[in-house]
Amino acid sequence: MKMTIKLMATTCLMLPATLAVADGHMADEMTIVSWGGAYSSSQENAYHIPYSEMTGVTIINDESSAEAVAKLRAMNEAGNVTWDVVDVVASDAIRLCDEGLALEIDFDEQLAPGDDGSTATEDFGDLLVSDCFIPQIVYSTTVGYRVDLVGDTAPTDICAIFDTETYPGMRSLEKRPINNMEWALLCDGVAKGDVYDVMETEEGQEQAFAKLDTIKDSVIWWSAGADTPQLLADGEIIMGSTYNGRLFSLIEEQDQPVAMLWDAQVFDLDGWIIPAGLTPEREARALDYVRFATDTQRLADQSKYIAYGPARASSAPLVAQHATLGIDMAPHMPTDPANATNTFLYNYTWWADYRDDLDAKFQVWLSQ
Amino acid sequence: MTLVLAADGRPLKTSLNRALRRQKLRALMLIAPLLIFILVSFVMPIADMLFRSVENEIVVETLPRTVATLDGWDSESGQAPDEDVFTALYFDLVLAAEYKTHTRLGSRLNYEMTGISSLFRKSGRSVDDFPTNNYTDVIQAADTSYGDPAQWAAWMADDVVRAALPMTANIYDAWAKMIVDTEEDLPIEEVPWDFVYTSLYLEVMEGADPPISLDLSTVAPVTLRDQFYDVDKDWLDPEVWKIIKIYSPEYTNGYFLNSVDRLKGPEGVEVRPDNEQIYITLFIRTMIMSGSIMGMCVLLGYPIAWLLANLPARKANMLMILVLLPFWTSLLVRTSAWKVLLQQQGVINDTLVWYHSTWLGQFLDPIFMGFLNLCYAFVNVITWVWNVLNGIWGGTDGLYMDWAVAGFERLALINNQTGTVIAMTHILLPFMILPLFSVMKTIPISYLRAAKSLGATNWTAFWRVYFPQSIPGIGAGCILVFILSIGYYITPELVGGTKGVFISNRIAYHISSSLNWGLAAALGTILLVIVMGLYWMYDKIVGIDNVKLGG
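Bear in mind the structure is a predicted one, so any value in this text is a computation, not a measurement.

Colleague: Mind showing me how you'd approach the overall build of chain B here?
Modeller: Counting secondary structure elements, chain B contains 26 helices and two strands. For 551 residues, the compact-globule estimate of 2.2 N^0.38 gives 24 Å, and chain B exceeds it by more than 25% at 35 Å. Principal-axis analysis of the C-alpha atoms places the extent of chain B at approximately 110 × 95 × 40 Å. Counting over 551 residues, chain B shows a buried share of 42%.

Colleague: Explain the packing of helix α4 (residues 83-99) of chain B against helix α10 (residues 166-183) of chain B to me, please; I cannot follow it from the model alone.
Modeller: Two numbers describe a pair of packed helices, the interaxial angle and the distance between the axes. Residues and elements named next belong to chain B. Direction vectors running N to C along α4 and α10 enclose 10°, while the axes themselves pass 10 Å from each other. On the basis of the axis angle, α4 is roughly parallel to α10. Contact residues: α4 offers F91, L95, E98 and Y99, while α10 offers M167, I171, A174, W175, K177, M178, D181, T182 and E183.

Colleague: Would you explain the state of the cysteines in this entry?
Modeller: Should the sulfur atoms of two cysteines be covalently bonded, the bond is a disulfide. Residues and elements named next belong to chain A. One pass over the full model with this rule turns up two disulfides over all chains. Note on cysteine connectivity: C97 is disulfide-linked to C132, with sulfurs 1.9 Å apart. Residues C97 and C132 are joined by a disulfide whose S-S torsion is about 65°; by sign, that bridge is right-handed. Within this pair, whereas C97 is found in helix α4 (residues 90-98), its partner C132 is found in the loop between α6 (120-124) and β4 (134-146), the two being separated by 35 residues in sequence. Taken individually, C97 and C132 each receive the classification buried, so the pair is uniform in this respect. A sulfur-sulfur separation of 2.2 Å characterises the disulfide bridge that pairs C159 with C187. Taking the sign of the S-S torsion, about -100° here, the bridge from C159 to C187 comes out left-handed.

Colleague: Which parts of the structure should I look at to understand the domain arrangement of chain A?
Modeller: It is common to give the size of an interface as the accessible area that goes away when the parts come together. All names here are of chain A. Domains assigned within chain A are domain 1 (2-132 + 274-332) and domain 2 (151-265 + 337-367). Taking only C-alpha atoms, the centre of domain 1 and the centre of domain 2 are 30 Å apart. Counting each side, the surface lost to burial between domain 1 and domain 2 is near 1200 Å², with a carbon and sulfur contribution of 60%. Taken together, the connections running from domain 1 to domain 2 amount to four residue pairs in polar contact (both at pLDDT 80 or more). Grouping the constituent residues of the side of domain 1 that touches domain 2 by class yields nine nonpolar, three polar and one charged.

Colleague: Looking at this structure, I do not really get the interface of chain A and chain B. What am I missing?
Modeller: Between chain A and chain B, the contact holds 42 residues from the first and 40 residues from the second. Interface area for chain A against chain B, summed over the two sides, is near 3900 Å², with a carbon-plus-sulfur share of 47%. The salt bridge partner of R506 of chain B is D359 of chain A, with a shortest N-O separation of 2.6 Å. At the junction of chain A with chain B, the criterion picks out 22 residue pairs in polar contact (both at pLDDT 80 or more). Taken together, the elements giving at least two residues each to the side of chain A that touches chain B come down to α1 (2-23), α3 (68-78), α4, β6 (219-222), α10 (227-233) and α14 (348-367) of chain A. In terms of residue count, the dominant contributor to the side of chain A that touches chain B is α14 of chain A (13 residues).

Colleague: What exactly am I supposed to notice about the packing of aromatic side chains here?
Modeller: The geometry of an aromatic ring pair is captured by the separation of the ring centres together with the interplanar angle, meaning the angle of the planes. With the rule as written, the count across this model stands at 44 aromatic pairs over all chains. Taken together, a centroid distance of 4.6 Å and an interplanar angle of 10° make the contact between Y346 of chain A and Y348 of chain A stacked. Neither residue differs from the other here; Y346 of chain A and Y348 of chain A are each classed as buried. Cluster of aromatic residues (ring-pair linked, three or more members): F86, Y90, F91, F120, F130, F195, F228, W235 and W241 of chain B. Its end group placed over the ring of W517 of chain B, R73 of chain A keeps NZ or CZ at 4.6 Å from the ring centre. Stacked on the ring of F344 of chain A, the Lys or Arg K192 of chain A has its end atom at 5.9 Å from the ring centre.

Reading the values: rules and limits
- Along each chain, the written sequence defines residue order, and numbers are assigned to residues from 1.
- Chains carry letters from A onward and ligands carry numbers from 1 onward, assigned in written order.
- Where totals are concerned, whole chains, interfaces and linings use all residues; where local detail is concerned, this predicted model gives features only for residues with pLDDT of at least 70, and gives and counts side-chain atom pairs only at 80 or more.
- Calculated side-chain values reflect all of the structure's heavy atoms, with hydrogen atoms and water omitted.
- Numbering goes from the N terminus for both helices and strands, where a helix is a DSSP run of H or I of at least four residues and a strand is a run of E of at least two.
- To get the radius of gyration, use the C-alpha atoms; to get the globule rule, take the number of residues to the power 0.38 and multiply by 2.2 Å.
- Residue burial is assigned from relative accessible area. The probe radius is 1.4 Å, only protein chains are included, and a residue is buried under 20% of its type maximum, exposed over 50%, and partly exposed in between.
- For helices, the axis comes from a line fit to the C-alpha atoms of the stretch in contact; other axes are also lines fit to C-alpha atoms, and the angle between any two N-to-C directions lies between 0 and 180 degrees.
- We call two directions roughly parallel when the angle between them is under 35 degrees, roughly antiparallel when it is over 145, roughly perpendicular when it lies between 65 and 115, and oblique otherwise.
- Contacts are assigned to residue pairs that have any heavy atoms within 4.5 Å of one another.
- Throughout, disulfides are identified as pairs of cysteine sulfur atoms within 2.5 Å of each other.
- An automatic or database domain assignment supplies the residue ranges for each domain.
- Two parts lose some accessible area (1.4 Å probe) when they are put together, and adding that loss for both gives the buried area.
- Polar contact is defined as a pair of N or O atoms within 3.5 Å, subject to the rule that within protein one atom must be able to donate a hydrogen and the other to accept it, and that residues adjacent in sequence are counted only when both atoms are side-chain atoms.
- Under the scheme applied here, ten amino acids are nonpolar (Ala, Val, Leu, Ile, Met, Phe, Trp, Tyr, Cys and Pro), four are charged (Asp, Glu, Lys and Arg), and all others, including Gly, are polar.
- The term salt bridge refers to a side-chain nitrogen of Lys or Arg lying within 4 Å of a carboxyl oxygen of Asp or Glu.
- Planes of paired rings set the category: under 30 degrees apart is stacked, over 60 is edge-to-face and the rest tilted, where pairs are Phe, Tyr or Trp rings (Trp by its six-membered ring) whose centres lie within 6.5 Å.
- In this scheme, the term charge over a ring applies when either NZ of a lysine or CZ of an arginine sits within 6 Å of the ring centre and within 35 degrees of the ring normal.

Encoded structure:
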């Protein structure tokens, strides 16, 4: 019985599908979900406006990326997915892909090749961390410090965070184990290549928490990306971690006495996913948009509005000047060789396994 | 006794009942739209969400054969299960990987044991590459009928063949369903996949009678246990299998055990290690802090409500607007405003520093310090009670400020419990003032005058005459504020630092970040039960009839 219903349902679903694909019709309206603020407006300028002009499609913006995973799951359960393209960080994309909530992408088939002739797979390279995730930007979590509050010797390496003798005062760190535990181990003498091996063991986790214990009283824990820039601007902290784009706008656009410590910056990715279960018209439209918005030129265009590095290798030479400030953007990219002398790439697969466990331990540690 | 009859000759009682029933039905029809709306949009979603706290069908749905075979495995043996279980796992995992449900199961089990998520993701990817195509090749070479989809379909419709090869029939059915569901092809046109041949091989080797006789004794067998071990050596870890076995029933109390810092072990309930115990602390903290917020609201709201109720109308209206103003401001704006005020370089601390530098400050500081230490003494007592509740006796350094030593220290008013209490009190204050106001409005001020004219002092007149009449308002305000505050999570997240966060912050985390909805539902259910318990207690002590939201 159940089987027959399913068969019937499949046939019914397939019928319009074949028809729609046959005449290549795509939806005239799409909902794109992103983070809001300066980031969304950079996408608006670089992708949405040109795409609308080219195709006449109406783009509706939704600023729900922070809750995207939970909302997509709820929409999927309700059988009514109202989003067409969703901007998420890579770890969320992996989660969505694991849960079967995102569409798997055939990168070479469905994405534009690079301007330099490379295939999409070659162009994105290592950044293709999930079958469902189309990378858009590389951003980094790094440390900014108040030039006027750190004394005569400005910090040059990440361990300044743990050095409360040379740099007394409050610092801010993100309220989650990711990044903080890596930095703690790194500054406790663990070699960069061994960090995750050490962190897999109970003793390694204790070692990281013990290192964090040494600064626990001088840390303000943030959970919103805007927190650290505000705390720095108010002089509430002398240094703190946040996203590099936020620090860029604090330094260049708001002219605050703040400088960046690129050492041990942690690269992370942000990009698009297409929800699973869209109607064929909407799916075709979403794929068409994503193909346009992630080509070499468009990714380079976005860096005119925000200091995040384009995810394609072929876009890097095209990075130009800031749209309103007129300064060269290349030196502000986290991927710029001068900034990227010592970097980490967020270890997605490792954290997908250890996140639940370490988050619980981190919360206990915080409340002790 | 004679029966009283109505005009139509029926007994009056029956007739009356009928009229009343019709009336009740009509009344029910009138409220039906609202009733249905509430049921559909409120009661059912909540019930559905709460049900997730025990629901656990995912394991048995994704790995039905494995779970059935695993019954025979002794979890105390210290050994991973034998080949039978791995064979079942192979069939289940190939199918699950096609349906893409294996990763979902992986994330589910990863809540219980770190590493299972990638174990399933990795295995789902490699399970297609197991060298079971050997079997396929040999069987198809033995007789071409075995490579004919139509012949397979005919066999599998034949009850004799099905009876002879029960496992293969089962696997073939699952394969056929999968082909229809995911590949959108017809099984009658598709050659069965390797795992169907694997099943056929295994049954033939055990002596079953295939439709066309096969001699498979020369085929080199593939040990699936070794294949899985090659993908990830964790498959031979008995702990992984223990978790799968413990969580194989369709319903589990595991989520509830997690939410009270317990663990579902093979022998029963175990206490979690110290570095993973968090929820009970958070529940107690949520209750105590919500209680303090409620208390602060009563203390601050009562005089304001009194003013509102007793000032001349024009002034009262002005004051009312001030009370309502926060309602019209965004929650985030209000919380951020508190940040600006309370932070160490903020308005309040800056003012205190400035005041300290004036001669007045130099003169009054010792007095202020005395007062501060009095407050600290109070905080110390609360901390001590808090620690005792948490089972810690002694060992706390009490707060004490020695001015001569410390000089002026900027106060830590935010990113701790103080910050949460201040900001939440401000946000929830209107919910205390409004019910208090509407109750006080109905208390005639002449009662106070009467009491005084009968010789009562101001205090007696208030305490014996006015206050008892305002209790229904306090009750309503307290219930509102308390229930709202235990569910708040945005404000505590922003101003609570590490020690000022509530259980609702963890619920929000599990709903939106970790996607552990089962645990979130269990935590939510516990919270709901606690609130209902407190409500019941309130009803027993004060009486719910004494709660008034208005006139």
